[in-house]
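# Observations on the three-dimensional arrangement
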Amino acid sequence: MNKTNPPLADNTLITREATLADDQALRELIAVPMTTKGIQISFQREPSYFQASDIVYRHKLHVLIEDTESQKNVACYSNGYRPCYVDRSVQNLRYAGDLRVDHNYRGKSLVKVLAKHVKQTMHEPNYSQMIIFDDNHAARAAIQTGKTGMPDYYDEGLIETLSLTSTGAKRKITAFLKQTSKQSHLQEIRTCVAEAKHVPAMNQFIADMAEFYNFIPAYNFEELAQGHRYFSGIKLSDFSLYFKGEKLVGMFGLWDQHSIKQTKILHYSSVIGIFRPVYNLLTPITKGMRLPKLGNSIQYHVLHTLMCHPQDLALHHKMLEDAYNKSKQQGVGVVSFTLSHKDPRYQLNQFYKGERLTGMHGFISYEGDPRPHFDKNLIPYLEVGRI
């Protein structure tokens, strides 16, 4: 059991905005191990925390809490923003994430100091989008129990991140798709790899999709073509486009983020350790995710802008099949994406195999509930590679 430090006096804690000189301290706090299903994992941001956050924010705010007595960095969080389509118009949207507290320093006075800083800096916009996955017990406790001085949490609904390892039984999906009303005529759809000439259509497609989805990052794919750091690890030729006649009706990008973000295996329970080789041998049959050797990273692709009309389940399924096959060709065979439970496309997840992570999507604010301002008819959109 961790030895807990005595309660800290507020005046020994200082809160400050992190600079490039704090990169290593941030990487160490982020990498604090967590255990899930008998596997100890560590979320890492190598070689640079700031480089990894290039893909999350256009305006960064990374914050450290330092204990001046021990000269130790004891907590961090981020609360920058990026432009998104909010109710069909482009606005800056904050995203609060990467809240980490050193295990030895978990206590009220630290939360109070942290909350004070959030209150001072959360303006324009004065609320933040937030996602808390079910296994992040510390963040859930801090937000949901309304700890001293923390902002109010306003729940929007459940989301699911699926790291897909098989698109399931064809027969069942075909039968299900026949029952759904609005579908593409897939034989009329042609697909191609994105090129520079497609950029204006891709930008327009995102604006069109803002008629159905809320909180889509307001992309300018010209930046993708130019290799902007907001698109680190992905290039134009990683995108597949789907056209019906001349109209772009679907797209996704296959994004390998391992050059900036890693999920490393630190420890297996004895049972998993013994059976791992057998489990991996059976994955072609079980369709499970392969477990790497200790010290190695889990391999997967993230899907960027997995988008089509929300009712076009047939096209969504076709795009996922194509993404999975492309990932497999690259020796990975795992594609990760996040959908709101309110998204009609989420219905298809019941047929797919893979690792599921359920979470809460919501907002934090000191200045009232932002939810009444949002159009209830729009479906929350979550970009898995930027959360």
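Structure's up top.
One structure accompanies this document, and this report is about it.

About the cut-offs
Residues numbered from 1 in each chain as written. Predicted model: local features only at pLDDT ≥ 70, side-chain atom pairs only at ≥ 80, totals over all residues. Heavy atoms only, no water. Helix = DSSP H or I, 4+ residues; strand = E, 2+ residues; numbered from the N terminus. Rg over C-alpha atoms; globule rule 2.2 N^0.38 Å. Buried < 20%, exposed > 50% of the residue type's maximum accessible area, 1.4 Å probe, protein only. Contact = heavy atoms within 4.5 Å. Patch = residues over 30% accessible without salt bridge, like charges linked within 9 Å, V, L, I, M, F, W, Y side chains within 5 Å. Areas by Shrake-Rupley, 256 points an atom, 1.4 Å probe, with all protein chains shown as cover. Salt bridge = Lys/Arg side-chain N within 4 Å of Asp/Glu carboxyl O. Lys, Arg positive; Asp, Glu negative; His and termini not counted. Charge placed at Lys NZ, Arg CZ, Asp CG, Glu CD. Pairing = 2+ DSSP bridges. Axes fitted to C-alpha atoms, helices over the stretch in contact; angles between N-to-C directions. Phe/Tyr/Trp six-rings, centres within 6.5 Å; stacked < 30°, edge-to-face > 60°. Polar contact = N/O pair within 3.5 Å; in protein donor to acceptor, adjacent residues only side chain to side chain. Core = buried A, V, L, I, M, F, W, Y, C linked by side-chain atoms within 4.5 Å. Disulfide = S-S within 2.5 Å. Arc of directions from axis to C-beta.

Right, let's talk about the overall build of the chain for a bit. When helices and strands are tallied, the chain shows nine helices and 19 strands. Taking 21 Å as the expected radius of gyration for a compact globule of 387 residues, we find that the chain reaches 22 Å, a close match to that expectation. The principal-axis extents of the C-alpha atoms in the chain amount to approximately 70 × 55 × 40 Å. By the burial criterion, 53% of the 387 residues in the chain qualify as buried. At a minimum sequence separation of 6, the contacts of the chain that also span at least 24 residues come to 77%.

Before going further, it helps to spend a moment on a positive patch on the surface. On the surface, R171, K172, K287, K328 and K353 cluster together to form a positively charged patch. If you trace the backbone, K172 turns up in helix α5 (residues 170–179).

This paragraph deals with the environment of G253. Relative to the elements of secondary structure, G253 occurs in strand β14 (residues 247–255). On a C-alpha basis, the gap between G253 and T305 in space is 6.6 Å, while along the polypeptide they are 52 residues apart. When sequence neighbours within four positions are dropped, the list of residues in contact with G253 reads I234, D238, F239, V302, L303 and H304.

Attention now goes to the sheet that holds strand β15 (residues 262–268). One open sheet accounts for three strands, arranged β2-β3-β15; its pairing is antiparallel. Edge positions in the open sheet fall to β2 (34–36) and β15, since each of these has one partner strand only. Taken over all neighbouring pairs, the strand axes of this sheet differ in orientation by 35 degrees on average, direction set aside. Note: β2 against strand β3 (residues 39–44), three bridges, orientation antiparallel. Bridge pairing in β3 places T36 opposite I39.

Applying the stated criterion across every chain, the model contains 15 aromatic pairs. When the centroid spacing of 5.2 Å and the interplanar angle of 85 degrees are considered together, the rings of F215 and F374 count as edge-to-face. Of this pair, F215 sits in the loop between β11 (213–214) and β12 (216–217) while F374 sits in the loop between β18 (353–365) and β19 (379–380); the two residues are 159 residues apart in sequence, bridging distant segments of the chain. You'll find F215 and F374 in the same group, each marked buried. Aromatic side chains F363 and F374 sit 5.1 Å apart centroid to centroid with 45 degrees between the ring planes, which places their arrangement in the tilted category.

With that settled, the discussion passes to the side chain of E383. Secondary-structure assignment places E383 in the segment after β19. The side chain of E383 sits in the buried core without any salt bridge; R386 is the nearest counter-charge, 4.8 Å away. Reaching out from E383, the side chain makes a polar contact with the side chain of Y219 at a distance of 2.7 Å. Excluding residues within four positions of it along the chain, E383 makes contact with P217, Y219, L303, H304 and T305.

Moving on, we come to the nonpolar core. One finds M202, I216, F221, L224, F239 and M307 to be the most contacted residues of the largest nonpolar core, which totals 48 residues. Among the elements of the structure, β3, β8 (127–133), α6 (199–209), α7 (221–225), β13 (239–244), β14, β15 and β16 (301–308) are those that each provide at least two residues to this core. If one sorts the elements of this core by residue count, α6 sits on top with five residues.

Counted according to the given criterion, the structure contains zero disulfides. For C84, which is in no disulfide, the shortest distance to another cysteine sulfur is to C308 and amounts to 20 Å.

Buried residues of α6: V199, M202, F205, I206 and M209, and no others. All buried residues of α6 project into a common sector of 115 degrees when viewed along the axis, lining one side.

This part takes up the environment of M150. With respect to the helices and strands, the residue M150 is situated in the loop between α4 (137–144) and β9 (152–166). In this structure M150 comes out as buried when scored by relative accessible area, which is 12%.

What follows deals with the pattern of salt bridges. The final tally for this structure, using the stated rule, is 19 salt bridges. One salt bridge connects R16 with E66, and the closest N-O pair in it is separated by 3.0 Å. Here E66 lies in strand β4 (residues 62–67) and R16 lies in strand β1 (residues 13–17), a separation of 50 residues in the sequence. Assessed through its relative accessible area of 24%, R16 is described here as partly exposed. The partner of K235 in a salt bridge is D238, and the shortest N-O contact between them spans 3.4 Å. Taking the relative accessible area as the measure of exposure, K235 reaches 49% and is therefore partly exposed. On the basis of relative accessible area, D238 is assigned to the buried category, the value being 19%. Among the ionic contacts, a cluster of salt bridges with common partners joins R16, D22 and E66.

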